[in-house]
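Secondary and tertiary structure notes
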Amino acid sequence: MLKRQQHIVLFVSVTVLFVALTAVVALLPAHHETKRRDVMPNAQLTEEELEGQQVYIAEGCVACHTQQVRNIDMDMVWGKRGSLPLDYTNATITSALRNPATLMGTERTGPDLTDIGRRIPSEDWHYRHLYDPRSVVPQSIMPSYPWLFTSENGTLRPTQQGRALVAYLLSRKQRDLPDGIAAPETRWKTRSSTSREESATPTVSGAELYASYCASCHQPNGAGVEGAFPPLIKSPIVLGNNIDTYVSIIMKGIDANPSYAIMPPVGELNGLTAEQVVAIMNHERTSWGHSAPTVSIDDVRRALKKLQSNQRPE
Amino acid sequence: MKSTEVEVDVILPTAQRPVVKVEQQQPRVSDADRATRSALIWAVVWLVVGTTVGEYLGIKFLQPDIDTIPWLSFGRLRPVHTNMVFWGWASLALIAVAHIVVPQQCGVRPQSGKALRWITGLISTTVGVGSVVLALGINNSGGEYREYVWPVMIPFAAAILLSLRTLWSYVKARTTSTIPVTAWYILSAHIFLLTIVTVAYVPLWQGGIGETIVQGYYMHQGVGMWFMMSMLGIYYAVIPQATGGRILSQRLSLVAFWTQIVCYTVIGTHHFVFSAIPWWLQMTALVGSIGMIIPVLAGTINLAVAFRTRQHWHPSAVLFLLSLVFYVTGSLQGTLEAFEYANLVWHFTDYTVAHSHLTMYGIITVGLFGTIVLYAPRRWTTRERTILTTLAVGGLLLYAVPLMVGGTLRGLSWLEGRPFMESVTLMMPFWTWRAIGGTAMWIAHIYVFVIVLRRYRHA
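About the criteria used
- Residues numbered from 1 in each chain as written.
- Chains lettered and ligands numbered in written order.
- Predicted model: local features only at pLDDT ≥ 70, side-chain atom pairs only at ≥ 80, totals over all residues.
- Heavy atoms only, no water.
- Helix = DSSP H or I, 4+ residues; strand = E, 2+ residues; numbered from the N terminus.
- Rg over C-alpha atoms; globule rule 2.2 N^0.38 Å.
- Buried < 20%, exposed > 50% of the residue type's maximum accessible area, 1.4 Å probe, protein only.
- Contact = heavy atoms within 4.5 Å.
- Areas by Shrake-Rupley, 256 points an atom, 1.4 Å probe, with all protein chains shown as cover.
- Lys, Arg positive; Asp, Glu negative; His and termini not counted.
- Charge placed at Lys NZ, Arg CZ, Asp CG, Glu CD.
- Core = buried A, V, L, I, M, F, W, Y, C linked by side-chain atoms within 4.5 Å.
- Expected span 1.5 Å × (residues − 1).
- Pairing = 2+ DSSP bridges.
- Salt bridge = Lys/Arg side-chain N within 4 Å of Asp/Glu carboxyl O.
- 1 Å grid on protein atoms, 1.4 Å probe; cavity = no way out; pocket = protein on both sides within 12 Å on 5 of 7 lines; lining within 4 Å.
- Points joined across faces, edges and corners; volume = space filled by probe spheres on them.
- Nonpolar A, V, L, I, M, F, W, Y, C, P; charged D, E, K, R; others polar.
- Domains from an automatic or database assignment.
- Buried area = accessible area lost by both parts, 1.4 Å probe.
- Polar contact = N/O pair within 3.5 Å; in protein donor to acceptor, adjacent residues only side chain to side chain.
- Axes fitted to C-alpha atoms, helices over the stretch in contact; angles between N-to-C directions.
- Parallel < 35°, antiparallel > 145°, perpendicular 65-115°, else oblique.
- Left-handed = near helix turned anticlockwise from the far one by under 90°.

Here we look at the overall build of chain A
Each helix and strand counted, chain A has 14 helices and two strands in total. Here the C-alpha atoms of chain A give a radius of gyration of 24 Å, more than 25% beyond the 20 Å that 2.2 N^0.38 yields for 314 residues. When the 314 residues of chain A are sorted by exposure, 52% land in the buried category. When contacts within chain A are restricted to residue pairs at least 6 apart in sequence, those whose partners lie at least 24 apart make up 66%. Total accessible area on chain A stands at roughly 15,100 Å², and carbon and sulfur atoms take up 56% of it. Here chain A contributes 31 positive and 32 negative side-chain charges, whose respective centroids are spaced 5 Å apart.

Here we look at the side chain of Thr212 of chain B
Assignment of secondary structure puts Thr212 of chain B in helix H7 (residues 210-243). On the basis of relative accessibility, which here comes to 2%, the residue Thr212 of chain B falls in the buried class.

Quick look at the nonpolar core
One finds Trp87, Trp89, Tyr235 and Ile364 of chain B to be the most contacted residues of the largest nonpolar core, which totals 177 residues. A per-element tally of this core places helix H3 (residues 74-106) of chain B first, with 20 residues. Setting aside chain neighbours within four positions, we find Trp89 of chain B in contact with Ala43, Val44, Trp46, Leu47, Met84, Thr365, Leu368, Phe369 and Ile372 of chain B. Ile57, Met142, Phe149 and Leu170 of chain A belong to the second largest nonpolar core, which has 31 residues in total.

Focus: helix H14 (residues 382-415) of chain B
For H14 of chain B, built from 34 residues, the straight-helix expectation of 50 Å at 1.5 Å per residue is met to within 8% by its first-to-last C-alpha distance of 48 Å. Once H14 of chain B finishes, Gly417 of chain B follows within two positions and takes phi at roughly 75°, a positive value.

Observations regarding the pairing of strand E1 (residues 149-152) of chain A
Residues and elements named next belong to chain A. Where E1 and strand E2 (residues 155-158) come together, four bridges link them in antiparallel fashion. Residue Phe149 lies in a different strand from E2, and its bridge partner there is Pro158. Connecting the antiparallel pair E1 and E2 is a turn made up of two residues, with Asn153 showing a positive phi of about 40°.

Re the pattern of salt bridges
If you walk through the whole model with that rule in mind, you get 21 salt bridges over all chains. For the salt bridge of Arg455 of chain B with Glu384 of chain B, the shortest nitrogen-to-oxygen distance reads 3.0 Å. One end of the pair, Arg455 of chain B, is in helix H16 (residues 428-457); the other, Glu384 of chain B, is in helix H14, and 71 residues separate them in sequence. On the basis of relative accessible area, Arg455 of chain B is assigned to the buried category, the value being 6%. Sharing partners across several salt bridges, the network here consists of Arg70, Asp75, Arg108 and Asp112 of chain A.

Structural notes on empty space enclosed by the protein
If you walk through the whole model with that rule in mind, you get eight cavities of 30 Å³ or more. Each pocket or cavity is described by its volume, and for the second largest cavity that value is around 240 Å³. As for the second largest cavity, its lining consists of 23 residues, of which Val62 and Gly105 of chain A together with Gly142, Gly143 and Glu144 of chain B are closest to the centre. Elements represented by at least two residues in the lining of the second largest cavity include exactly H3 and H7 of chain B. Split by residue class, the lining of the second largest cavity holds seven nonpolar, 11 polar and five charged.

Section: the domain arrangement of chain A
All names here are of chain A. Each assigned domain of chain A is listed with its residue range as follows: domain 1 (47-171) and domain 2 (197-309). One C-alpha centre belongs to domain 1, the other to domain 2; they are set 26 Å apart. Across the boundary between the two partners, domain 1 contributes 11 residues, which contact 14 residues of domain 2. The contact between domain 1 and domain 2 buries some 990 Å² in all, and 59% of this surface belongs to carbon and sulfur atoms. Of all residues in domain 1, the largest losses of buried area upon contact with domain 2 belong to Arg118, Pro121 and Arg128, amounting jointly to 39% of the total for that side. Our count for the domain 1 to domain 2 interface comes out at zero salt bridges. On inspection of domain 1 and its partner domain 2, the count reaches three residue pairs in polar contact (both at pLDDT 80 or more). Counting only elements with at least two residues in the side of domain 1 that touches domain 2, the list comes to helix H3 (116-119), helix H4 (123-131) and helix H5 (133-136). With three residues, the single largest contributor to the side of domain 1 that touches domain 2 is H4.

What to know about the interface of chain A and chain B
A common way to state how big an interface is: give the accessible area lost once the parts meet. Contacts between chain A and chain B engage 76 residues on the former and 94 residues on the latter. At the boundary of chain A and chain B, one finds two salt bridges. The closest approach of N and O atoms between Glu59 of chain A and Arg76 of chain B, which form a salt bridge, is 2.8 Å. Linking chain A with chain B are 22 residue pairs in polar contact (both at pLDDT 80 or more), by the criterion used here. Sorting the residues of the side of chain A that touches chain B by element identifies helix H1 (2-34) and helix H2 (47-58) of chain A as the ones contributing at least two each. Ranked by residues supplied to the side of chain A that touches chain B, first place goes to H1 of chain A with 24 residues. A class-by-class count of the residues in the side of chain A that touches chain B yields 42 nonpolar, 23 polar and 11 charged.

Regarding the packing of helix H11 (residues 243-252) of chain A against helix H13 (residues 274-286) of chain A
Residue and element names in this part refer to chain A. At a closest axis distance of 11 Å, the pairing of H11 and H13 adopts a crossing angle of 110°. Comparing the axis directions of H11 and H13 gives the class roughly perpendicular. Crossing handedness for the pair H11 and H13: right-handed. In this structure, H11 contributes Ile243, Tyr246, Val247, Ile250 and Met251 to the contact, and H13 contributes Val277, Met281, Glu284 and Arg285. When grouped by side-chain class, the residues that make up the contact of H11 with H13 number seven nonpolar, no polar and two charged.

Next comes the structure, spelled out in structure tokens:
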């Protein structure tokens, strides 16, 4: 008799064990996180940004892009700190069809986008990049998204979806943690660890800084992109002696020439220090065949002070 | 659709009687056999379509502007590929084979193929509709293998339930004194899959980072507790048949079975090491990943003995042996990837893509090819089998090894803090090799399709 019922005993035990383990490692912790009440301040997405997030989901950008900064040293190029559960409290149900989306991702075929709104804060750049990634990053393998644009009397304009997507991308800025919450400890000090621990200052290699903060628009070779981002090669500002203007452009951006896009306040957004600014400037003044005299840190400090006291140069 | 020789019709209660000897018999083709064949044909159709999509995706890494059609764009097409080969090919084929081996091991003869026909239809509906819906840009927010929206998954869940019910009836009617190992694994796998899918789609625990915890659980259990468990169950039936050997011991099977459930279930979060997921969960996953060595070795030793004690060597045996080798190496590789330093280098790179192909393809697909060869209505010639093995396994290695090398280099480049674009351009030769290996695999699938179609149609 018992022998005939063996299979019931077996499969019921299997089920009970599996469900119990499932509860411990998935259901209970996940439920706990779902029930959290605290939210990240200033992180609520606007209606347009939410619409853009839907485009991001529909196009499957998550196949190639993560949105998570791991609490390890090598990831600190994607944000200032490791991501916390608090960064994802926004992920709630938005439609009857879909689960909430943290969009953390599992592949980094392309860069992490946690902080892209700060790293590349220019709408124009994103429109160009989405329309044809290779127009701004020649070696890119990212797909182009021409269907997010329409042509109106010969000029290209983003559709509502395209605009929403870029609004969403620009909203991707790693938020400052509210008081009382500590950033996770950064583990695995690997990247340039020695130089960091010794000097305890952020990197000051002009070439690296240029690659991180300027090259996306002005291009690694300084040649710019026609009709969007001016070349820095032979630029009178780069080579000239008006340090105040040069520093102001880096910190506050510029929109002087209608045939180019707007340069956003790259320096302020990324909190560049005087040491970093002078390193970038001197890199530009001595690269690409340039041989202008280098700038001193004191000149840059002075220029920064002027900027702060709101006496904009000229 | 009539054939002269059918092996699936033969009852092998203790799995010792070699199939090769039975081949001379000419039993009639039952309705259940016909249903099995049409299920397998459909599965192979999804394999061919799904890997055609995969091949195209691989080419897109080299030629990103090959088309600018929205529904063919990379982000939309990638889940079409993964879901089609997961659910349309691997799941349907595993179920079809399960409906051969479970009744066979239980010593019962299924008469009707009605349930399996329904299962084939339901799964194909999910995959067909799901692919169109994904291409239209409607998905379940991008958690991997969970991209089909829930209404699309309903026929699939119904199919699994139906399959479980049918297999249950075979186990219940068994003429063997004990429940065969094959049945432990396969029926448990069905129960697990139903649980996993429910957990994955019920919204009660999906808020905030809960979504990621569930995602880690889901993607790992899908692989380990459905595909792998089903395959292990099939191994216990087919390897002794293909070799005439015996497994080492029933006790070892027990150890492998229960430790698999305990260790595997807690591993999920190792897909999110260093992420915002609670640290204790990441640590549990690490411990589980190490513990996983126990079931893997126990199962492998058990089955390896069946090869050592072989009486004969059916053409399918080599495919099972390769599949088993991928099982050990792929699983140990998985354990390795869970360690922090390894994770530092490999996470987010194409190394993971290589790993998932070494496992899902090397273990599951190669093993399923073995069963297709073993249970073919007419025997595969050695030449046919060699062509298939060379293309499929050779292609897989050409695909995976370069991606492992490239993935490692890419991870190291990130660790050194080099500019990101360097890590894109350095992948180019490896992505090229991936496309070449992928092409060989793809040709293998067309080949299987042609043979299967011809064999099963043979009057």
